[in-house]
Structures are given as structure tokens and as C-alpha cells.
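Chain by chain, the residues:
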Amino acid sequence: MKKYAFLLPLTLLVPFLLASCLSDDEAATDDYCYISGFTLGSLKRTLFTLSVDGEDSVYTTTFQGSLFPMTIDQRALSIENKDSLPIRTQVSAVLATITYEGVLAWRKQDHEENDTLWNTYSSSDSLDFTSPLELACIASNGNSYRTYTAKLNVHQQKADSTVWDKIGTAEPLNSLGQRKAFCLGGQIMVLGEEADGSIVCAMHPTGTSGEWQSITTNGAEGADLSTLQMSGGTLFLSTSSGKILQSFNALDWVSASYPAEDGLKLVAASPARLYALLEGELVSSDGGDWQAEELDDDAAYLPCGQVFGFSYTLPDGQNRLMIIGQRDNEDDTSCMVWAKAWTSDEEGEEPWMFYVPNAADKRRCPIREQLNVVAYDDGFLTFGGKTGDGLHEAMDSVLYSADHGITWRPYDDDDMDVDTLITQAAAEARHIVSTVDDEQYLWVFIDSEVWRGRINRLGFLRKDPD
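Heads up: these notes are all about the structure in this document. (Residues numbered from 1 in each chain as written. Predicted model: local features only at pLDDT ≥ 70, side-chain atom pairs only at ≥ 80, totals over all residues. Heavy atoms only, no water.)

Observations concerning the overall build of the chain
- For the chain, the helix and strand inventory stands at two helices and 36 strands.
- Per-residue burial over the chain gives 48% buried out of 466 residues.
- Taking all contacts inside the chain whose residues are at least 6 apart in sequence as the whole, residues at least 24 apart take part in 55%.
- When the accessible surface of the chain is summed, it comes to about 23000 Å², and 46% of that surface belongs to carbon and sulfur atoms. (Helix = DSSP H or I, 4+ residues; strand = E, 2+ residues; numbered from the N terminus. Buried < 20%, exposed > 50% of the residue type's maximum accessible area, 1.4 Å probe, protein only. Contact = heavy atoms within 4.5 Å. Areas by Shrake-Rupley, 256 points an atom, 1.4 Å probe, with all protein chains shown as cover.)

Structure follows, in C-alpha cells:
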């Protein structure tokens, strides 16, 4: 590496740079000066683990920097990786292969005022990216040059860890009995029942600031809040008399165009149909009469207690419905999970599939008091009160399913490690409900305490190239 003093205009350095970069038979000059390619070489990363004797241990691993493309903006004269490098990547000595026309020199952008030295670029010399660099690309004829700003973006948080914050206390929840949480129109909402039977909606902006509001709803009397479903921005509820209510704002409820049936209990909603339990059967309706759904196993295995329903579309275009819940059977050790799949015809011949529990399988969704199931991180989370087998206390385990509810296991490396204070609050809680907002924050309401957490990588903003 050679260094040159910045005592003359930058273009006057060309003869010196050419002398070090060109041989005698490469004397041709032109007016081209631009960087056309930038690829990172092998990078080092610091990681932590526990040694065999339980002591903290530090080690270094490597990965290919080429997996993180560098974007060159020729208008802004900037170079950076839009997808940030993993946390604790070492960037003080980085090898990079740069493709350019002309000759190339670099220096720190935040150089000292009396530091006038430029360094000639060589692919065998390391670059210090602890702060942005200036890359001067100079035409070989000395008539023009471009100065780029180059930087490396590195995550400052562990991608797969979760940070929990106590947002505070939602006073409107103190007087509510049965309740259901959801996100609608940029608001976190909790529908709850007052002692006099009226239904109240407690609302809070999805951010951490703002006050809780409490508004009494219209027309939702007699609603079974556990049956709340959302389809295409419309909310649906079934009542104790089997009537279907709908609302667009969670405050004003009217009768929906679905037949009322005594004992009807909503459990799921797709974009085209509502699904419900009725007299031990699973039925559905698109606004007409309720029709029995075809099952591939005994209807006795349908859940009937706390039931959660989800409608979603896979990347390959396949549509799925899943219902998961508990039966009133003291012999059950895990939840009942059913699923329906279709590509184009929701009313096709494919029956609902029952995921048959296996007593030897320890990866089933456990029976819990105050069961919670939410869609999260391209899968599903389950948590709540203590488990029926007595192995877990309230909120001391959060299980994840990546295979549509078949198997459930903790996140790797305690990524969804629950704050100890949450566990303590949940130990005596009467109500635990939850929802996920549009920013992928998981909101957990433990009686009137409000907690919010998110796996860090779900909040990383990727700067897509223009």
C-alpha cells in the first residue's frame, strides 16, 4: 500500500498513482472513472458460548461477505450493503474486490484535518470500515474523478432474540371479565365484558405512547368474545343464542347475513366463508344455510373449549385453514388440531385433516389454562397459563410451530425467552390474552398489565436497491 499527501488537487495525484498502478506498456489514458463492482471477501464474526465448565467463552467464526451484496448508487456516489451484516461482524480489516475504471485511492471519511494521506487500493490490502470511507476513482488522463462514500451496515441487535417492554397498565381492563385482543386500523383493541353484560372496547395506538380509551359498544350484547373472527377487515362474533354479528370498527355491531342457529359457535373465517361448531359438528356458510364439513376422522376430536382459527396462504398459492383448541376431556394431554387445504376451490372434496395425537410424541401443543395461540414469524406461537400436565407454570414457556400446528417446540437459543417479570405476573393472573400488530410486535395482556415484545429480525428494515 502506498500513501500520498493531499497537498494538491486530487487529479494532480494521477501521475503518481499511475506510476504505481500501470506498467510501461499500459500508458494509454482515457476519461473513464467509475466503480462498477464491489464484493466483500471472507469476514470474521465474534460469538459467545459457554465452556464445558460453564464459564463464558468467546470464539471467532468466518462467513462469506459475498452473501451480502453491495449496492452502488452512481447518482448519489454511495456504496453500501442494504442487508445488514450479522451482529458483531468485525469490519476493521475487510478484504474487498472492487471493479473500477481509472485508478482508485481511499481514505477515512472522518479523517483528521491534518491527515491528508490517501491510500492506493489493492485487493490484497484490508480496508477499515469502522467508519465510512471515501473512494476516489480518478480517470487515467487526469481530467476527471468521482468520490464515492462507502460504508458497511452491521446489525446492532441479535437477530433472533426478543426484547420485552412493559408498556404499562391498561386501567379499562380492570373491570372486564371474558376478553379478546386484536389489532385493527393501527389500534390495539381488547373487547371485554363488564359485570352488567355490556361489551366494552379498550383501545390504544400500536406504538408505546398514547392513552387507553374505553368505549361501550353498540349491539354486541350477549356476544361470546372467544368466537371473534376477522375476514377482509370485517369482524364477526357469534352470540349465546347462535346469532352472527359483524362490525367494521369493533364499536358498532349489527346482525350479519348468516342464519342464526341455537348453539352455534364461530371458530374460523376464510375470505369466503365462516366456520363454526354446531351440535358436535364442524359447519360452514358463505351467507346461506350452514353445511356440515367433511372430516377425515371422528368429530368427537373437534375442540370445544378455547378454540383458535387461522386462515392463511402459503408462498406456493395453497390456502389453509387451521383450528386448534381443547376438548372437555380430562384424559387429553394435548390440544386438538385440524386443518383444511385448497388451491382454488374452498368447497372442494378435500376433507378437514385431523392431526392424530401420539402419546409418545412430546412435541404436541400442550393443554394450558388461558390458552393463547397467535400467528407469528411464518408459524404459530402458543403460551398462556400453566399446562395441564403440571410441567410448566404460567408463561414460563413459549412454543413455536413451523409445520402448521403439527409439532411445537421452543425457539432455538431461547429466542423467545419470556421476561421473568411476565412469568411472575402471570402466576396469579385471571386473564391472559394476546395479539400481534402490523409491525410484528407481540402484545400480551396479563390482567391489566401490558407487555410488548418482538424478535429483533422481524423489525429489521431491509433497504431494497432502487
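Here's the deal with the environment of I422
- Of note, I422 is situated in helix 2 (residues 420–426).
- Under the relative-accessibility criterion, I422 is labelled buried at 0%.
- Look past the residues within four positions of I422 in its chain and what remains in contact with it is W164, M395, I446 and W451.

Notes on the sheet that holds strand 31 (residues 379–383)
- If you walk across this open sheet you meet the four strands as 30-31-32-33, and the pairing is antiparallel. Single-partner strands in this sheet number two, and they are strand 30 (372–376) and strand 33 (409–410). (Pairing = 2+ DSSP bridges.)

A word on the sheet that holds strand 16 (residues 199–205)
- Taken in spatial order, the four strands of this open sheet run 14-15-16-17, and their pairing is antiparallel. Each edge of the open sheet is held by one strand with a lone partner, namely strand 14 (179–184) and strand 17 (213–216). Here the average twist between neighbouring strands, direction ignored, is 25°.
- Of the strand pairs in this sheet, strand 14 and strand 15 (residues 187–193) are connected by six bridges, and their pairing is antiparallel. Counterpart to F182 in the pairing with strand 15 is M189. (Axes fitted to C-alpha atoms, helices over the stretch in contact; angles between N-to-C directions.)

With respect to the layout of surface pockets
- A volume near 560 Å³ is recorded for the second largest pocket.
- Around the second largest pocket sit 25 residues that line it, and T333, S334, D361, K362 and R364 are the ones nearest its centre.
- When grouped by side-chain class, the residues that make up the lining of the second largest pocket number 11 nonpolar, six polar and eight charged. (1 Å grid on protein atoms, 1.4 Å probe; cavity = no way out; pocket = protein on both sides within 12 Å on 5 of 7 lines; lining within 4 Å. Points joined across faces, edges and corners; volume = space filled by probe spheres on them. Nonpolar A, V, L, I, M, F, W, Y, C, P; charged D, E, K, R; others polar.)

Some words on unusual backbone geometry
- Residue E279 is not a glycine yet carries a positive backbone phi of 50°.
- Residue classification places E279 among the exposed positions, given a relative accessible area of 76%.
- Even without being a glycine, Q440 presents a positive backbone phi close to 70°.
- With respect to the element layout, Q440 can be found in the loop between strand 34 (432–436) and strand 35 (442–446).
- When its relative accessible area of 27% is taken as the criterion, Q440 is described as partly exposed.

Quick look at the pairing of strand 24 (residues 281–285)
- Across the five residues that make up strand 24, a large majority, four, are buried.
- Following strand 23 (residues 274–278), the chain reverses through two residues before pairing antiparallel with strand 24; E279 in that reversal takes a positive phi of roughly 50°.
- In terms of strand pairing, strand 24 meets strand 25 (residues 291–292) through two bridges, oriented antiparallel. Across the sheet, residue V283 finds its bridge partner in strand 25, namely A292.

What about the state of the cysteines?
- What the rule picks out here adds up to zero disulfides.
- Cysteine C365 remains unbridged, with the sulfur of C335 as its closest cysteine sulfur at 3.8 Å.
- Residue class for C365 comes out buried when judged on its relative accessible area of 2%. (Disulfide = S-S within 2.5 Å.)

Points about the packing of aromatic side chains
- Inspection of every chain in the model, using the stated rule, returns 11 aromatic pairs.
- Residues Y275 and W352 carry aromatic rings whose centres are separated by 5.7 Å and whose planes lie at 70° to one another, so their mutual orientation is edge-to-face. With Y275 in strand 23 and W352 in the loop between strand 28 (336–342) and strand 29 (353–354), this pair connects stretches of sequence that are 77 residues apart.
- For W352, a relative accessible area of 0% puts it in the buried group.
- Put simply, the rings of F236, Y258 and W290 pair up and form one aromatic cluster.
- Between the NZ or CZ atom of R452 and the centre of the ring of Y441, over which it lies, the distance is 3.6 Å. (Phe/Tyr/Trp six-rings, centres within 6.5 Å; stacked < 30°, edge-to-face > 60°. Lys NZ or Arg CZ within 6 Å of the ring centre and 35° of its normal.)

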